[in-house]
Amino acid sequence: MPPSCCGCLSQYTHHHLVAFLLTFFSYVLLHASRKTFSNVKVSISAQWTPTKKNDSTPAFNPSETWEDNRLFENEEQATLFLGVLDTIFLFSYAVGLYLSGVIGDRVNLRYVLCFGLCGSAAVGFLFGTVTEWLHIYNVYLYCFLWVLNGLLQSAVWPCVVAVMGNWFGKSGRGFVFGLWSACASVGNILGAFLASSVLQYGYEYAFLVTSVVQFAGGVVVFFGLLISPKEVGLSMETVTGLEPVETDTDSHRPLMSDEEDEMEVYERQYRSIQQQDEPEDEPPRAIGFLQAFILPGVLPYSLAYACLKLVNYSFFFWLPFYLSNNFGWKEVEADRLSVWYDVGGIIGGTVQGLVSDVLGKRAPVLAISLLLAMGSLVGYSRSPNEQVINAVLLAMTGFFIGGPSNMISSAISADLGRQEALRDSQEALATVTGIVDGTGSIGAAGGQYLVSLIENKLGWMCVFYFFIVMTGGSILFIAPLIVKEVSAMWRDRRARRRQL
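Here the structure is a predicted model, which means the values were calculated and not measured. (Residues numbered from 1 in each chain as written. Predicted model: local features only at pLDDT ≥ 70, side-chain atom pairs only at ≥ 80, totals over all residues. Heavy atoms only, no water.)

### Observations concerning the overall build of the chain
Then step 1. Helix and strand content of the chain: 21 helices and two strands.
Then step 2. Residues counted as buried form 53% of the 500 residues belonging to the chain.
Then step 3. Of the contacts formed within the chain by residues at least 6 apart in sequence, a portion of 84% connects residues at least 24 apart.
Then step 4. Accessible surface, the chain: about 23,600 Å² in total, of which carbon and sulfur atoms supply 63%. (Helix = DSSP H or I, 4+ residues; strand = E, 2+ residues; numbered from the N terminus. Buried < 20%, exposed > 50% of the residue type's maximum accessible area, 1.4 Å probe, protein only. Contact = heavy atoms within 4.5 Å. Areas by Shrake-Rupley, 256 points an atom, 1.4 Å probe, with all protein chains shown as cover.)

### So, the pattern of salt bridges
Then step 1. Within this structure, the stated rule accounts for three salt bridges.
Then step 2. For Asp86, the salt bridge identified is with Lys41, shortest N-O distance 2.5 Å. Of the two residues, Asp86 is situated in helix α5 (residues 75–104) and Lys41 in helix α3 (residues 41–48); the sequence distance between them amounts to 45 residues. Residue Asp86 shares its accessibility class with Lys41, and that shared class is buried.
Then step 3. With a closest N to O distance of 2.7 Å, Lys309 and Asp437 form a salt bridge. One end of the pair, Lys309, is in helix α14 (residues 298–327); the other, Asp437, is in helix α19 (residues 429–457), with 128 residues separating them in the sequence.
Then step 4. The buried category is assigned to Lys309, whose relative accessible area is 1%. (Salt bridge = Lys/Arg side-chain N within 4 Å of Asp/Glu carboxyl O.)

### Some words on the state of the cysteines
Then step 1. All chains considered together, the criterion is met by zero disulfides.
Then step 2. Distance from the sulfur of Cys159, which forms no disulfide, to the nearest cysteine sulfur (Cys114) is 9.1 Å. (Disulfide = S-S within 2.5 Å.)

### With respect to the nonpolar core
Then step 1. Counting residues in each nonpolar core, the largest one holds 124 residues, and the members touching the most others are Trp48, Phe315 and Phe467.
Then step 2. The greatest single-element share of this core, amounting to 18 residues, is contributed by α14.
Then step 3. Every residue in contact with Phe315, bar those within four places of it in the chain, is listed here: Pro320, Tyr341, Leu377, Tyr380, Leu394, Thr397, Ile401, Phe464 and Phe467. (Core = buried A, V, L, I, M, F, W, Y, C linked by side-chain atoms within 4.5 Å.)

### A word on helix α6 (residues 109–133)
Then step 1. Along its 25 residues, α6 runs 35 Å from first to last C-alpha, staying within 8% of the 36 Å computed at 1.5 Å per residue.
Then step 2. Taken as a whole, α6 carries its principal kink of about 35° at Leu126.
Then step 3. The N-capping residue of α6, defined by a side-chain oxygen 2.9 Å from the backbone nitrogen of Arg110, is Asn108. (Expected span 1.5 Å × (residues − 1). Bend = angle between axes of the 7 residues up to and from the residue. Polar contact = N/O pair within 3.5 Å; in protein donor to acceptor, adjacent residues only side chain to side chain.)

### A short note on the packing of helix α2 (residues 14–39) against α14
Then step 1. Contact geometry of α2 with α14 gives a least axis separation of 7 Å together with a crossing angle of 45°. As summarised for this structure, α2 and α14 are arranged oblique, according to the angle between their axes. Seen from α2, the contacting residues are Tyr27, His31, Arg34, Lys35, Ser38 and Asn39; seen from α14, they are Tyr313, Phe316, Phe317 and Pro320.
Then step 2. Class assignment of the residues belonging to the contact of α2 with α14 gives a composition of five nonpolar, three polar and two charged. (Axes fitted to C-alpha atoms, helices over the stretch in contact; angles between N-to-C directions. Parallel < 35°, antiparallel > 145°, perpendicular 65-115°, else oblique. Nonpolar A, V, L, I, M, F, W, Y, C, P; charged D, E, K, R; others polar.)

### Focus on a nonpolar patch on the surface
Then step 1. Taken together, the side chains of Val95, Leu99, Ile103, Val107, Tyr111, Val147, Leu151, Phe215, Val219, Phe222 and Phe223 define a hydrophobic patch exposed on the protein surface, amounting to about 990 Å² of accessible area.
Then step 2. Counting only elements with at least two residues in the nonpolar patch, the list comes to α5, α7 (139–153) and α11 (203–224).
Then step 3. At four residues, the largest contribution of residues to the nonpolar patch is made by α11.
Then step 4. We classify Val147 as partly exposed; its relative accessible area is 31%. (Patch = residues over 30% accessible without salt bridge, like charges linked within 9 Å, V, L, I, M, F, W, Y side chains within 5 Å.)

### A look at the side chain of Ser33
Then step 1. Within the secondary structure layout, Ser33 lies in helix α2.
Then step 2. Taking relative accessible area as the criterion, Ser33 reaches 12% and is therefore assigned buried.
Then step 3. In this structure the side chain of Ser33 is engaged in a polar contact, spanning 2.7 Å, whose partner is the backbone oxygen of Leu30.
Then step 4. Within the structure, Ser33 has its side chain in polar contact with the side chain of Gln214 (distance 2.6 Å).

### Points about the packing of aromatic side chains
Then step 1. Taken as a whole and judged by the stated rule, the model has 34 aromatic pairs.
Then step 2. Aromatic pair Phe24 and Phe25: ring centres 5.3 Å apart, planes at 80°, arrangement edge-to-face.
Then step 3. For Phe24, a relative accessible area of 11% corresponds to the buried category.
Then step 4. Looking at Phe25, the relative accessible area reads 46%, which means it is partly exposed. (Phe/Tyr/Trp six-rings, centres within 6.5 Å; stacked < 30°, edge-to-face > 60°.)

### Considering the environment of Val220
Then step 1. Relative to the helices and strands, Val220 is located in helix α11.
Then step 2. According to the relative accessible area criterion, Val220 is exposed, its value standing at 51%.
Then step 3. Distance from Val220 to Ser26, taken between C-alpha atoms, is 9.4 Å for residues 194 residues apart in sequence.

### Remarks on the confidence of the model for the chain
Then step 1. Summary statistics for the chain give a mean pLDDT of 78 and a share of 78% for residues scoring 70 or more.
Then step 2. pLDDT under 50 marks residues 1–7. Its contacts with residues more than four places away, or in other chains, come to eight contacts.
Then step 3. A low-confidence stretch, residues 238–281 stays under pLDDT 50, and its non-local contacts, those more than four residues away or across chains, total 22 contacts. (pLDDT = per-residue confidence, 0-100.)

### Digging into unusual backbone geometry
What you tend to see is this: most non-glycine residues have negative phi, and most peptide bonds are trans.
Then step 1. Positioned with a positive phi, His135 is a non-glycine residue whose angle comes to about 55°.
Then step 2. One can find His135 in the loop between α6 and α7.

What follows is the structure, given as structure tokens:
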């Protein structure tokens, strides 16, 4: 039985709190800017498909006036292109994750993290604000900027997970990472409120606000984040977590003592002889990409996350658009209602992480949550045109889908990157995180275009059936791990009974 949460939390210092908060708010700001795009899709679609002038308007070259700002002839084409942008963003994000994970294990994590934060803020500003201010409407420019945005944003997640893995040991990791992984959902909520608060002035101001805040956050992280306990004289312990490298006992000694002077001379001579005999400790070697890919558990969880992230990110990208188009609610109302999915995800990730700590196993908790997620998807697909009921069903769906998604991308990735097979090479956390999240993003990328295509051809109900199938696929991929961990729990239970 793992130690209690109170016991786990008592070992942490204020340095842990600072690392927790800075990495948390780094991803909050990144997701807030990412959420902005999904929250203003209706406004962007309207801007890209201007309405024709009516007959009462003087005919001053009406075709030229209509063609100047037009990207698409109708809303259906604009919707498909929005799906294409989501897809190319996630594909570039996935490729970037594979690369940035490897880079993060070889370069200072703070540099990579801040480069991703500030760079993606600049690209978001160009994409949503500058192009609208200068009236530049070009499909190829939008695609290029969104590919670049995906590559830059991919540098952030492996770095923040690696920093958290450096600071927090396995004891209580499910609870700590479950609480910390709420950063994405908190960012979605913040992004929804920021976007809705300035949307009346134009969607370009939503991009402006989130980009400026994200860039400022990147600067704060650069000057304030400590990436490892070693930077403040702490070392990672295998089981209990952290303990000081040197104990400060000088304050309890007399200022002058002959005995102390003799002891110091002896210790200095002993250390010099010992240093000559023993070679200096080499820094941990970074593991190779293929070596990380074949580590136990990495491939099953990566494939399961590909299915699950497809569903989770479909809600992320399309939920405000779905609420506005399917129920006819105003865009601001849809943006604010969509945050209930993230509220459910925050609670789900924390509760399920805590339960997995108590059980000492992750896979069975995931399996139960994903089974219930399939039922919640059926229920939400039949939600009536009533905002209160919709919000309740949405929070339940977020609890059972967002919770497991947060666990796999954070706590489980950290477990995989710090497992026993890595005793000789501890520098694998960012690489493993990049593999898991990168594979998930590939699945999510393909899903975004499929969502827009299925909705256009068959309707939203078939989209929800698609989500149910993908959630079932997540369970199938981790089925061997579920069987293994449940069997281990059963053996432990029988062993305890025999002892009694």
